[in-house]
Amino acid sequence: MNRLEQLKSSGNKAFVAYVMAGDGGLERLREQVQYLQGAGVTAIEIGIPFSDPVADGPTIEAAGNRALKQGVTLQKVLEELKSWTFDIKIPLLVMTYLNPVLKFGVERFATECGKAGISGVIIPDLPYEHKQLVQPYLDKENIKLIQLVTLTTTDVRLDDILREAEGFVYAVTIKGITGSRDELSQDVKTFMQKIRKKSPVPVYAGFGISKSSHVDMLRDDVDGFIVGSAIVEAFNAGKIEEIEPLIRAVTTA
């Protein structure tokens, strides 16, 4: 995760790619990660399929359902990651929900993530105020717990979250669930500027980022971008190469 700080210091932007583990079969995850790493992404967020994904839009929810139908579970995903022997040069993050973690066992989850080489965990339905349910166990494994902030986060709560932020801050660009959008609200730009001015760690914009125009709009106000639905759609359609211009728009401009 030190690489993320180095990118921020150098003024370069990060591109974090999201993939749904097991969409199209768990055996595809390895080739998806290898492809994205080769395409130049900064980090990869690996989604765990879940039956009640409150933050996911239709595209990612459908991908999760496809994976669930194939019997993909949190345990199977972590076992798959642990089996990899190819060189992983970028941080891998796990994005999951609180219930699967509690069912799996929080301490066991953290330990297995450590064995699988996970650098960070995102749990969107774990409120900052209850992070101690998970944080101590992740700390033991030197895994960062990534916090989300939204357009509706109060200033007081925002200050509290940023004071203890680690890895990066996941700044949500919309009021709602994930999914590709044509346009982003102008309020988002002001919101990102406020977060970045206060944050001790890199600020990445996520939810709804799918076009170069989104990157152009926020380039000067964030340290990176998280792209999910557009990548999930591209993998499902067999057109992942169409996402490469967006990766280059972030990482090479």
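Note that the structure is a prediction, hence the values are computed from the model and not measured.

Enquirer: Pulling in residues and values, what's your account of the sheet that holds strand β5 (residues 144–149)?
Expert: Taken in spatial order, the eight strands line up as β1-β2-β3-β4-β5-β6-β7-β8 and close into a barrel, and their pairing is parallel. Each strand of the sheet is rotated relative to its neighbour by a mean of 25°, with strand direction disregarded. Looking at chain direction, strand β1 (residues 14–20) and strand β8 (residues 224–227) are connected through four bridges and run parallel. What sits directly across from Ala14, in β8, is Gly224. Together, β5, β6 (169–172) and β7 (203–206) form the strand contacts of helix α9 (residues 186–198), whose direction differs from that of β6 by roughly 165°. Relative to β1, helix α11 (residues 229–237) is tilted by about 50°, and along the sheet it contacts β1 and β8.

Enquirer: Give me the pairing of β7: which residues, what numbers.
Expert: Residues of β7 alternate between two faces, with Val203 and Ala205 on one and Tyr204 and Gly206 on the opposite face, all of them buried. Bridging between β6 and β7 involves four bridges; their strand directions are parallel. Counterpart to Val172 in the pairing with β7 is Gly206. In this sheet, β8 lies alongside β7 in parallel orientation, the contact comprising two bridges. The partner of Tyr204 across the bridge, within β8, is Gly224. Handedness of the crossover is the feature at issue here: the chain leaves β7, passes through helix α10 (residues 212–218), returns alongside β8, and the resulting connection is right-handed.

Enquirer: Summarise the nonpolar core; cite the residues concerned and give the values.
Expert: One broad trend across soluble globular proteins is that nonpolar side chains are buried collectively. Counting residues in hydrophobic clusters, the biggest one holds 70 residues, and the most contacted among them are Leu29, Ile46 and Phe109. Once you skip the residues sitting within four places of it in the chain, Phe109 turns out to touch Leu74, Leu78, Val94, Thr96, Val101, Phe104, Val121 and Leu138. Ranked by size, the runner-up nonpolar core spans 26 residues in total, among them Met1, Ala55, Ile146 and Tyr204.

Enquirer: Describe helix α4 (residues 74–82), and please don't skip the residues or the numbers.
Expert: Of all the positions in α4, only Leu74, Val77, Leu78, Glu80 and Leu81 are classed as buried. All buried residues of α4 fall inside an arc of 155° around its axis, so they share one side. Along its buried surface, α4 packs onto α2 (28–39), β2 (43–47), α5 (98–104), α6 (106–115) and β4 (118–122).

Enquirer: Describe in detail unusual backbone geometry, supporting the description with residues and values.
Expert: Positive phi, close to 60°, is recorded for Asn142, a residue that is not glycine. In this structure, Asn142 sits in the loop between α7 (135–140) and β5. Look at Asn142 and you get exposed, because its relative accessible area is 60%.

Enquirer: Mind laying out the packing of aromatic side chains, listing which residues take part and the relevant values?
Expert: Under the defined criterion, the tally for this structure stands at five aromatic pairs. Ring plane angle 75° and centroid distance 6.5 Å describe the contact between Tyr35 and Phe235, whose orientation is recorded as edge-to-face. One end of the pair, Tyr35, is in helix α2; the other, Phe235, is in helix α11, with 200 residues separating them in the sequence. Among the residues examined, Tyr35 registers a relative accessible area of 27% and is labelled partly exposed. The exposure class of Phe235 is buried, given its relative accessible area of 9%. Geometrically, the ring pair formed by Trp84 and Phe86 is tilted, given 5.2 Å between the ring centres and 35° between the ring planes.

Each value, and the rule that gives it
Residues numbered from 1 in each chain as written. Predicted model: local features only at pLDDT ≥ 70, side-chain atom pairs only at ≥ 80, totals over all residues. Heavy atoms only, no water. Pairing = 2+ DSSP bridges. Helix = DSSP H or I, 4+ residues; strand = E, 2+ residues; numbered from the N terminus. Axes fitted to C-alpha atoms, helices over the stretch in contact; angles between N-to-C directions. Contact = heavy atoms within 4.5 Å. Buried < 20%, exposed > 50% of the residue type's maximum accessible area, 1.4 Å probe, protein only. Right-handed = clockwise from strand over helix to strand, strands pointing away. Core = buried A, V, L, I, M, F, W, Y, C linked by side-chain atoms within 4.5 Å. Arc of directions from axis to C-beta. Phe/Tyr/Trp six-rings, centres within 6.5 Å; stacked < 30°, edge-to-face > 60°.

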